[in-house]
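# Tertiary structure, described
The lines below spell out each chain.
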Amino acid sequence: MKRNCWRGRICWRDNRRPGPNQTWRIRHRWTSSARLGQEPRLHPDTGEDESASAALSEIISNMPPPGFYYDPERNRYFRLLPGHNNSNPLTSESIQHRRMECQRLKLLEEEEKCMKKASRSGLNSSIVLRKRQLGLPSSINYRRSIHELKVNCMQRRKLEIETPDSSICGSNNFKLIMADSASERIFTVNDVEHGGCKCGIVNLSGLGKNTLTVEMYDNLYFTNRKVNSVCWASLSHPDSHVAVCIVSLISLTTSIKLCLMGIAETLGCASLLPASLFNNSNAGDQPGMLCSFKISTAWSCAWCLNPQADNYFSTGLSQQVHVTNAVTGHRQIFSISSDALAQQFATQAPVLYNGCRSGEIFSIDIRRPMNTGQGLKSLRLFHDSAVTSVNLLKDEQYLLAADMAGRIKLWDLRKLKCVKEYHGHHNEHSILPLHVNEEEGLLTAVGQDCYTRIWSLQDAHLLRTIPSPHPFSTDSIPSVEFSSHLGGSRGVPGLLMAVKQDLHYFSYKTDDPYCLSATEEDNSTPPQ
């Protein structure tokens, strides 16, 4: 290096590079001109050496070195290896997994110590009650504020599942749960070790403040296929049956039959199972097959509660939507250009809403003939990614939809416009449902990062983020159900979470003087 230029030497202590928040110690070695008395150039405002500041900025801007990982605990840099390597665990995936696990454990510790922050700044029970006494908030806003306070104070408790045969309980991971309309039972789907699934029904009628025990019905339904979607069906009486969409684990392009108990010669089937089949008292009653038809791969299913289309249910397929009468077997086939990943029927009219892999949301009036051409879709909305869930609000003027980009939008069906967006949801490639509870004004969703998030339905404010009690993994995404009366009409609002082999219960504290009764008159209105 030439004599008339500045040279700097970086001093490392113990051969370690400094961390991102540490400063470099630079020892200057000046040339002969500097030793002769020349002063370094100083910045007129800060008084710092411009040469040293420029060198320091250049060095810091280049940190960390490519291919290295900085460990703040050890205060050292470690080399990263691409992909997975058993001999060296320092990969990008393992580092991200470690950070997520540290964050999860921190949130769990805060929840156990009741260190959770308020969902909104300045919102606490004393302020809400004082405003209520002064007559400031309306009854609707008062109820919403109380529910927000109660949601933030829910604590996790593990439920014990009683069953006569201990070998069929607690040995397989939960895949999904779905509560009936009265929140007295949940239909469960568990993965089986050798492949396939098993289905059962858990009775929640005994769930209460002092009871953490629920009962599983004796009879289970086993299948060596994959369950894609389930829904409760009201055939002979409310929630009398369960519709289950099953696809083959060998090939997703094989034909599927609608059958009872999966007794079919094809590799896949869509089953309509009587709920009484799972109850031991009705074990001797084996009802016959309701109807049977061949279809392709089923992604979703929905049951219609409108009297004009009584006993109708739909299945969302690849580039087709099938609407079938479960009693007569009459079937309508609607051709579409994508896969129907999510479905829901309206109750005021026999209209079916579909969410597709292409990002399109459209409605079908099943009273129209199948050969209507371009008039098939009476409503069309668009997302930028595959739609995984569609939920109509009670007045059926608003629709909530979630997609694989992690975006949750509230659509005004009259203006065909997105009016709200709920931020914080995480999804990349999974079909994850939304859970809407308008009585409490809450929206619940589980992300692909295994966090359960609860928003205010009114203003899209994120109220609470609940970490999973188990470490993050792609096969342990929790399945949840939120209800205003868990366990029946006398139940209290709460959240059920099924993850791995455990069932957890988050409930409102009924001994709290600020807790609302679940039987209060519903004064909630759709978001404006």
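Keep in mind the model is a prediction, meaning the values are calculated, not measured. (Residues numbered from 1 in each chain as written. Predicted model: local features only at pLDDT ≥ 70, side-chain atom pairs only at ≥ 80, totals over all residues. Heavy atoms only, no water.)

### Looking at the sheet that holds strand 23 (residues 398-403)
The four strands lie next to each other as 22-23-24-25, forming an open sheet whose pairing is antiparallel. The strands lining the two open edges of the sheet, one partner per strand, are strand 22 (387-392) and strand 25 (417-422). Neighbour-to-neighbour, the strand axes of the sheet open up by a mean angle of 25°, direction not taken into account. (Pairing = 2+ DSSP bridges. Helix = DSSP H or I, 4+ residues; strand = E, 2+ residues; numbered from the N terminus. Axes fitted to C-alpha atoms, helices over the stretch in contact; angles between N-to-C directions.)

### Considerations on the sheet that holds strand 28 (residues 452-456)
Spatially, four strands are ordered 26-27-28-29 in an open sheet, and the strand pairing comes out antiparallel. Each edge of the open sheet is held by one strand with a lone partner, namely strand 26 (434-437) and strand 29 (462-466). If you compare each strand with its neighbour and ignore which way they point, the axes differ by 15° on average.

### Here's the deal with the UniProt feature "repeat: WD" (unreviewed entry) in the chain
The UniProt record marks residues 383-421 with the feature "repeat: WD" (unreviewed entry), using the residue numbering of this structure. With 0% helix and 56% strand, residues 383-421 has its two end C-alpha atoms placed 12 Å apart. (UniProt positions renumbered as here; feature names shortened; annotations may be inferred.)

### Describing the packing of aromatic side chains
In this structure the tally under the stated criterion is three aromatic pairs. Plain terms: the ring middles of Trp-303 and Phe-313 are 6.1 Å apart, the flat faces sit at 5° to each other, and that makes the pair stacked. With a gap of 10 residues between them, Trp-303 in strand 16 (residues 298-303) and Phe-313 in strand 17 (residues 312-325) connect regions that are remote in the sequence. For the pair shown, Trp-303 and Phe-313 are each scored as buried. Taken together, the ring pairs in this structure connect Phe-187, Trp-232 and Phe-278 into an aromatic cluster. (Phe/Tyr/Trp six-rings, centres within 6.5 Å; stacked < 30°, edge-to-face > 60°. Buried < 20%, exposed > 50% of the residue type's maximum accessible area, 1.4 Å probe, protein only.)

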